[in-house]
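Report on the structure
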Amino acid sequence: MTSPMFEKVTFIGLGLIGSSMARAMKRDNLAGHIVGSARSEETRNKSLELGFIDSAEADPAKAVEDADLVVLCAPLGANAKIAEAMAPGLKRGAIVTDVGSSKMKVIEDVEPHLPEGVHLVPGHPIAGTENSGPASGFAELFDGRYCLITPADSTDRAAFRKVVSMWKEIGAIVDVMSPKHHDRVLAITSHLPHLIAYTIVGTAADLEGHLEKEDADIEEMVETNEVVRFSGSGFRDFTRIAGSDPVMWRDVFLANKDAVLEMLGRFTEDLVALQRAIRWNDADQLEDWFTRTRKIRREVVEQPARSPYVDWQGGHRVGPGSED
């Protein structure tokens, strides 16, 4: 058996992503020893019981002692405190990476606390489900899914390459982009859809309460929650992501506030245009819009989960076959 890529790996945060990464690293013999750290004793004990970590620590500084790789998997809002708490335990040469959905915020919150000689390599796997907690993870979560690595100008090249190799080993397709560009792209492809899903569920629930008041004098009142009872497959599919972890998404929206607000403004303008088209019976505009967006939807679904690996050199993207 070949020696593992890392002798010791620490996961801080043991939810869906952290537990899935730990499972995948165990499956592929990428870590000699895996430590799990979480605030909740119940979470730590459950993770030990499930077997995807070898030991558990409540104190982040103890958890990262002698670790070659530290993976931050807690909500974004906790990163600054975690980085400060774990800093005394980090050894020189350790690599710190993360799985957060806002990269500028990660660099801002984590990098200032890292001791000299410790390397930050921000990352974001584009994978997940609406479930959370240590029992929700599975080793195959990242198979054929993109993982975006977003190095800062100060990122160590050797550490960058090792994180890339790790993600490729556990099945991900790696691409590279700047942290700022990542945050703008994810604001429209991930953050805004979640915001809309949360909003439409809340709007439907509020409307139902209003209708119940209007119909209070009707004898045959429908007692069952109508949002649940009469939801078609479209509503269920569209609102699936509204079942995601509310703390995680609270932190995502606050961390990536500027990009989310920019994309929300663009979306609002398009929504107003559609509202106007419906009001004035503009059938041609509606059909043109739906035809164009249906084509894009099909391209998204049919897109093969493959991408040429894009290397990174001194903050610049380098295509396949370019000189190192």
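Here, residues in each chain are numbered from 1, in the same order as that chain's written sequence. Owing to the predicted nature of the model, reporting of local features is limited to residues with pLDDT of at least 70; listing and counting of side-chain atom pairs is limited to 80 or more, with chain, interface and lining totals taken over all residues. In computing side-chain properties, one takes all heavy atoms of the structure into account and sets aside hydrogens as well as water.

What about the layout of surface pockets?
- In this analysis a 1.4 Å probe is tested at points of a 1 Å grid over the protein atoms alone, and where it fits but cannot get out there is a cavity; an open set with protein on both sides within 12 Å along at least five of seven lines is a pocket; lining residues have an atom within 4 Å of a point. Grid points are joined across faces, edges and corners, and a volume is the space filled by probe spheres set on the points. Taken as a whole, the second largest pocket spans an internal volume of roughly 210 Å³.
- The wall of the second largest pocket is formed by 13 residues, among which M104, D183, N256, D258 and A259 lie closest to the centre.
- Helix numbering and strand numbering both begin at the N terminus, where a helix is a DSSP run of H or I of at least 4 residues and a strand a DSSP run of E of at least 2. Contributing elements (two or more residues each) for the lining of the second largest pocket: α5 (103-110), α7 (179-214) and α11 (257-279).
- A per-element tally of the lining of the second largest pocket places α11 first, with four residues.
- Looking at the lining of the second largest pocket residue by residue, the class counts come to three nonpolar, two polar and eight charged. Ten residues, namely Ala, Val, Leu, Ile, Met, Phe, Trp, Tyr, Cys and Pro, are considered nonpolar, four, namely Asp, Glu, Lys and Arg, are considered charged, and the remaining ones, Gly among them, are considered polar.

Digging into the nonpolar core
- Nonpolar core, defined: a set of buried Ala, Val, Leu, Ile, Met, Phe, Trp, Tyr and Cys residues in which side-chain atoms within 4.5 Å join the residues together. Burial classes follow relative accessibility: with a 1.4 Å probe on protein chains only, a residue under 20% of its type's maximum area counts as buried, one over 50% as exposed, and anything between as partly exposed. Core analysis: the biggest nonpolar cluster contains 38 residues, and F11, M21, M25, F142, I149, M166 and W167 have the highest contact counts within it.
- When residues of this core are traced back to their parent elements, those giving at least two are β1 (6-12), α1 (16-27), β2 (31-37), β4 (69-72), β8 (146-149), α6 (157-169) and β9 (173-176).
- Two residues form a contact once any of their heavy atoms are found within 4.5 Å. Among all residues touching W167, those that are not within four sequence positions of it are M21, V99, P125, F142, C147, I149, A172 and V174.
- Counting 27 residues, the second-largest nonpolar core is a separate cluster that includes V106, A187, L192 and V252.

Concerning the side chain of S19
- Looking at the secondary structure, you find S19 in helix α1.
- Setting aside residues up to four positions removed in sequence, S19 forms contacts with L14, F52, G133, P134 and G137.

Description of the packing of helix α4 (residues 79-86) against α5
- Orientation is described by lines fitted to C-alpha atoms, with helices fitted over the stretch in contact, and by angles between N-to-C directions that extend from 0 to 180 degrees. In contact at an axis separation of 8 Å, α4 and α5 are set at 35° when each is read in the N-to-C sense. Pair α4 / α5 crosses with right-handed handedness. Here α4 contributes N79, A80 and A83 to the contact with α5, which in turn contributes V106, D109 and V110. Should the near helix be turned anticlockwise from the far one by less than a right angle, the crossing is termed left-handed; should it be turned clockwise, right-handed.

Regarding the sheet that holds β9
- A strand pair is defined by DSSP finding two or more bridges across the two strands. Pairing is mixed across the open sheet formed by three strands, whose spatial order is β7-β8-β9. Among the strands making up the open sheet, the edge pair consists of β7 (123-125) and β9. Taken pair by pair, the neighbouring strands of this sheet meet at an average axis angle of 20°, ignoring direction.
- As defined by bridge partners, β8 adjoins β9 across four bridges and the pair is classed as parallel. Bridge pairing in β9 places L148 opposite D175.
- Across the sheet, α6 lies against β7, β8 and β9, angled at about 170° from β8, the strand it touches most.

Examining the pairing of β4
- Residues L69 and V71 of β4 are buried on one face, and the alternating residues V70 and L72, pointing to the opposite face, are buried as well.
- As paired elements, β1 and β4 share four bridges and run parallel to each other. Note on β4: the bridge partner recorded for V9 is L69.
- Two elements, β4 and strand β5 (residues 95-98), share four bridges in a ladder whose sense is parallel. Opposite V71, over in β5, you have T97 as the bridge partner.
- At this point the chain moves from β4, through α4, to the parallel β5, and the crossover so formed is right-handed. For crossovers, right-handed means that the path from the first strand over the helix to the second runs clockwise, given strands pointing away from the viewer.

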